[in-house]
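# Breakdown of the fold
The residues making up each chain are set out below.
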Amino acid sequence: MASLAASSISFQPPHALATSRVSGLKLVSFMNQGRNSLSFGLRPMPARVRISCAAKPETVDKVCEIVRKQLAVPSDKPVTGESKFAELGADSLDTVEIVMGLEEEFGITVEEDNAQSIATVLDAAELIDKLCSGKSA
């Protein structure tokens, strides 16, 4: 015996085809064939992941260079936009020094509340681009 739990299911008259989406799966051939049991098949839908980066690639690259230099990250260890400062070995003092280096390099001032929200290279790059675009406006 099988059961299906969902927040809502709509039924149509017998022998009618109903399609719906449930948790990333598409219900196909969901029919009542004149019996007390229902037959249906599930077909997996391809996962669609879109990662959007608001920061310019050149900003991300420059932040990667500064972080690598500030933390003395070995050249064989990758530093990317997704790199977390803590995973690269940074403590809170290192993070403050990274922010100071970014302020100097980009000619910006990062407020304390913004600095505390920076956990990754991408976070820093997005903040820098936001501050630089606000500065030029």
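Throughout what follows, the structure given in this document is the object of discussion.

Procedures and definitions
Residues numbered from 1 in each chain as written. Predicted model: local features only at pLDDT ≥ 70, side-chain atom pairs only at ≥ 80, totals over all residues. Heavy atoms only, no water. Helix = DSSP H or I, 4+ residues; strand = E, 2+ residues; numbered from the N terminus. Expected span 1.5 Å × (residues − 1). Buried < 20%, exposed > 50% of the residue type's maximum accessible area, 1.4 Å probe, protein only. Axes fitted to C-alpha atoms, helices over the stretch in contact; angles between N-to-C directions. Parallel < 35°, antiparallel > 145°, perpendicular 65-115°, else oblique. Left-handed = near helix turned anticlockwise from the far one by under 90°. Contact = heavy atoms within 4.5 Å. Nonpolar A, V, L, I, M, F, W, Y, C, P; charged D, E, K, R; others polar. Lys, Arg positive; Asp, Glu negative; His and termini not counted. Salt bridge = Lys/Arg side-chain N within 4 Å of Asp/Glu carboxyl O. Core = buried A, V, L, I, M, F, W, Y, C linked by side-chain atoms within 4.5 Å. Patch = residues over 30% accessible without salt bridge, like charges linked within 9 Å, V, L, I, M, F, W, Y side chains within 5 Å. Areas by Shrake-Rupley, 256 points an atom, 1.4 Å probe, with all protein chains shown as cover.

Turning our attention to helix α2 (residues 92-106). Its 15 residues give α2 an end-to-end C-alpha distance of 21 Å, which sits within 8% of 21 Å, the value for a rise of 1.5 Å per residue. Within α2, burial applies to Asp94, Thr95, Ile98, Val99, Leu102, Glu103 and Phe106.

Phi is positive for Ala72, which is not a glycine, with a value near 55°. Along the polypeptide, Ala72 turns up in the loop between α1 (57-71) and α2. Judged by relative accessible area, Ala72 falls into the exposed class, the value being 62%.

Orientation of α1 relative to α2, taken along the N-to-C sense of each, is 135°, at an axis distance of 10 Å. Of the possible angle classes, the one that applies to α1 and α2 is oblique. As α1 packs across α2, the resulting crossing turns out to be right-handed. Across the interface between the two elements, Thr59, Lys62, Val63, Ile66, Val67, Gln70 and Leu71 from α1 touch Asp94, Glu97, Ile98, Leu102, Glu105 and Phe106 from α2. When grouped by side-chain class, the residues that make up the contact of α1 with α2 number seven nonpolar, two polar and four charged.

A few words on the side chain of Asp94. Tracing the sequence through the fold places Asp94 in helix α2. Comment: no salt bridge for buried Asp94; closest opposite-charge side chain is Lys77, at 12 Å. Apart from the residues within four sequence positions on either side, Asp94 is in contact with Leu71 and Gly89.

Among the nonpolar cores identified, the biggest contains 26 residues, and Val63, Val67, Phe85, Leu102 and Val121 are the most heavily contacted of them. The set of elements that each furnish at least two residues to this core consists of α1, α2 and α4 (121-136).

Let us now look at the pattern of salt bridges. Tallying each qualifying case throughout the model produces two salt bridges. Lys62 is the salt-bridge partner of Glu65, the closest N and O atoms lying 3.7 Å from each other. One end of the pair, Glu65, and the other, Lys62, are both in helix α1, three residues apart, so they sit about a helical turn from each other. Note that Lys62 is salt-bridged to Glu105, the shortest N-O span being 3.6 Å. Of this pair, Lys62 sits in helix α1 while Glu105 is found in helix α2, placing the two residues 43 residues apart along the sequence. It is possible to trace a salt-bridge network through shared partners that takes in Lys62, Glu65 and Glu105.

What follows deals with a nonpolar patch on the surface. Together, Leu93, Val96 and Met100 give the surface a local cluster of nonpolar side chains, amounting to about 290 Å² of exposed area. Inspection of the secondary structure assignment puts Met100 in helix α2. Met100 sits in the partly exposed class, given a relative accessible area of 49%.

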